[in-house]
Amino acid sequence: MQKCLSNIVKHSAATSECIAPRAERDWIRVETTDNGKGFSSATLEQPGHSGRGFGLLGIAERARILRAKLTVTSEPGKGTSA
């Protein structure tokens, strides 16, 4: 979550963000959503291209270590959810 929030502050130009934790049967779901500038999901397939993607790689690695699942949805001009 710390890295997600750091990415929002550093890259998104968002004016609001929401963190929504939920306890589910055998796991915890935490979703972050912002109204920032967003990005093309193709950026996720090319880490480091134009200096982008390494923060998300770090988040994905942390999720993998915790045996968690990371899903990122974003479009230019439409914000990001993770």
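Because the structure is predicted, anything quoted here is derived from the model rather than measured.

Rules and cut-offs
Residues numbered from 1 in each chain as written. Predicted model: local features only at pLDDT ≥ 70, side-chain atom pairs only at ≥ 80, totals over all residues. Heavy atoms only, no water. pLDDT = per-residue confidence, 0-100. Helix = DSSP H or I, 4+ residues; strand = E, 2+ residues; numbered from the N terminus. Pairing = 2+ DSSP bridges. Patch = residues over 30% accessible without salt bridge, like charges linked within 9 Å, V, L, I, M, F, W, Y side chains within 5 Å. Areas by Shrake-Rupley, 256 points an atom, 1.4 Å probe, with all protein chains shown as cover. Salt bridge = Lys/Arg side-chain N within 4 Å of Asp/Glu carboxyl O. Buried < 20%, exposed > 50% of the residue type's maximum accessible area, 1.4 Å probe, protein only. Polar contact = N/O pair within 3.5 Å; in protein donor to acceptor, adjacent residues only side chain to side chain. Contact = heavy atoms within 4.5 Å.

Participant: Describe the confidence of the model for the protein chain, naming the residues involved and giving the relevant values.
Facilitator: Overall, the predicted model of the protein chain reaches an average pLDDT of 85, with 87% of residues at or above 70. Within the protein chain, no element has a lower average pLDDT than helix α2 (residues 54-65), which sits at 86, and none a higher one than strand β1 (residues 17-23), at 93.

Participant: Lay out the sheet that holds β1 in plain terms, naming residues and giving numbers.
Facilitator: Here we have four strands laid out as an open sheet, ordered β1-β2-β4-β3, and antiparallel in their pairing. Since the sheet does not close on itself, it has two edges, and those belong to β1 and β3 (73-74), each with one partner. Where β3 and strand β4 (residues 80-81) come together, two bridges link them in antiparallel fashion. Each bridged residue has a counterpart across the sheet, and for S74 the counterpart in β4 is T80.

Participant: An account of a nonpolar patch on the surface is requested, with residue identities and associated values reported.
Facilitator: A surface patch of nonpolar side chains, amounting to about 420 Å² of accessible area, comprises M1, L5, I19, I28 and V30. Tracing the chain through its elements places V30 in strand β2 (residues 28-34). Exposure remark for V30: the relative accessible area of 33% places this residue in the partly exposed category.

Participant: Got a sec to walk through the side chain of T80? Specific residues and values, please.
Facilitator: Relative to the elements of secondary structure, T80 occurs in strand β4. With a relative accessible area of 15%, T80 lands in the buried category. There is a polar contact of 2.8 Å between the side chain of T80 and the side chain of S74. Not counting residues up to four positions away in its chain, the partners in contact with T80 are T32, T33, D34, G38, F39, V72, T73 and S74.

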